[in-house]
Amino acid sequence: MFGTQGVIEVSVIVEVVIVRLLTTTTLLLVGIIVNPHRFADKYRFFSYAMLVKHKQMSDGRSYGQKRSYGKTQLKEIFRGAALSAIRSNNAFARKYQGMLAAGHQEKAARKAVARTIAATVLGVWKSNKMYDDNCWEGQQRHTANCTRAKAQASRANVSDRC
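Residues numbered from 1 in each chain as written. Predicted model: local features only at pLDDT ≥ 70, side-chain atom pairs only at ≥ 80, totals over all residues. Heavy atoms only, no water.

1. Some remarks on the overall build of the protein
1) Next: Per the secondary structure count, the protein includes seven helices and two strands.
2) Next: Secondary structure elements in the protein, listed N-terminal to C-terminal, are α-α-α-β-β-α-α-α-α.
3) Next: Within the protein, the fraction of its 162 residues that count as buried is 33%.
4) Next: Expressed as a percentage of contacts within the protein between residues at least 6 apart in sequence, the contacts between residues at least 24 apart total 60%.
5) Next: Of the roughly 10700 Å² that the protein leaves accessible, carbon and sulfur atoms contribute 52%. (Helix = DSSP H or I, 4+ residues; strand = E, 2+ residues; numbered from the N terminus. Buried < 20%, exposed > 50% of the residue type's maximum accessible area, 1.4 Å probe, protein only. Contact = heavy atoms within 4.5 Å. Areas by Shrake-Rupley, 256 points an atom, 1.4 Å probe, with all protein chains shown as cover.)

Here's what the structure looks like:
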């Protein structure tokens, strides 16, 4: 049914979601998403997976929240994956523990981990690369170091001008 490419995509998704989802769940994921390139960015994918709510605002006034239309099965898959991931030793669990240490509520931290897993699944599937548990954390450190270095450089340039 899927051919060679489908087998590769299923194995990539299994690699991404380290929580060892059952084969039926993985096939359900592939069957619902079908083609990851139909989502312009991860935020549209979050909306389709019902992992976000949209605020209705006009002129600074809130008119409530609007639920996105999407697939509840994806929401349950990613929430379940988040619950499993935070119980093991991986980047998702470390993100969860870091958010709790920063003072976030448990529910917000679990939702953030579910979104991170969804973004990871989408990104790995689109790029056809293998998942590396240390890559995300390394990228976060690299970004933070670059930001710090740019800030220090700009401060040095300001002090040189004075």
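2. Here we look at helix α6 (residues 106-127)
1) Next: Its 22 residues place the ends of α6 31 Å apart at the C-alpha level, agreeing with the 32 Å of an ideal helix rising 1.5 Å per residue.
2) Next: Of the residues one or two after α6, N128 is the one with positive phi, at around 60 degrees. (Expected span 1.5 Å × (residues − 1).)

3. Topic: helix α5 (residues 91-101)
1) Next: Taken as a whole, α5 has its buried residues at A91, F92, A93, Y96 and M99.
2) Next: Two to three positions downstream of the cap, the backbone nitrogen of F92 sits 3.0 Å from a side-chain oxygen, assigning the N-cap of α5 to N90.
3) Next: Looking one or two residues past α5, G103 carries a phi angle of roughly 100 degrees, positive in sign. (Polar contact = N/O pair within 3.5 Å; in protein donor to acceptor, adjacent residues only side chain to side chain.)

4. Describing the side chain of N90
1) Next: Within the secondary structure, N90 is located in the loop between α4 (72-85) and α5.
2) Next: Since its relative accessible area comes to 2%, N90 is described here as buried.
3) Next: One polar contact links the side chain of N90 to the main-chain carbonyl oxygen of A85, over a distance of 3.5 Å.

5. Quick word on the confidence of the model for the protein
1) Next: Per-residue confidence for the protein gives a mean pLDDT of 76; residues scoring 70 or more make up 67%.
2) Next: Looking across the protein, the model is least confident in helix α1 (residues 3-16), with a mean pLDDT of 51, and most confident in α5, with 93.
3) Next: A low-confidence stretch, residues 158-162 (pLDDT under 50), is modelled with zero contacts involving residues beyond four sequence positions or located in other chains. (pLDDT = per-residue confidence, 0-100.)

6. Focus: the packing of α5 against α6
1) Next: At their nearest, the axes of α5 and α6 sit 9 Å apart, and the two run at 150 degrees to each other. When the interaxial angle is binned, α5 and α6 end up roughly antiparallel. Crossing angle aside, the handedness with which α5 passes α6 is right-handed. Each of F92, K95, Y96, M99 and L100 in α5 lies in contact with α6, whose residues at this interface are E106, A108, A109, R110, A112, V113, T116, I117 and T120. (Axes fitted to C-alpha atoms, helices over the stretch in contact; angles between N-to-C directions. Parallel < 35°, antiparallel > 145°, perpendicular 65-115°, else oblique. Left-handed = near helix turned anticlockwise from the far one by under 90°.)

7. Concerning the packing of aromatic side chains
Any pair of aromatic rings gets described here by the distance separating the centres and the angle formed by the planes.
1) Next: Inspection of every chain in the model, using the stated rule, returns five aromatic pairs.
2) Next: Considering the side-chain rings of F39 and Y48, the 5.4 Å spacing of their centres and the 50 degrees angle between planes classify their relative orientation as tilted.
3) Next: A residue is classified by how much of its surface remains accessible, and F39, at 7% relative accessible area, is buried.
4) Next: Through pairs of rings, three or more aromatic residues link up here, namely F39, F45, Y48 and F78.
5) Next: Its end group placed over the ring of Y48, R38 keeps NZ or CZ at 4.8 Å from the ring centre. (Phe/Tyr/Trp six-rings, centres within 6.5 Å; stacked < 30°, edge-to-face > 60°. Lys NZ or Arg CZ within 6 Å of the ring centre and 35° of its normal.)

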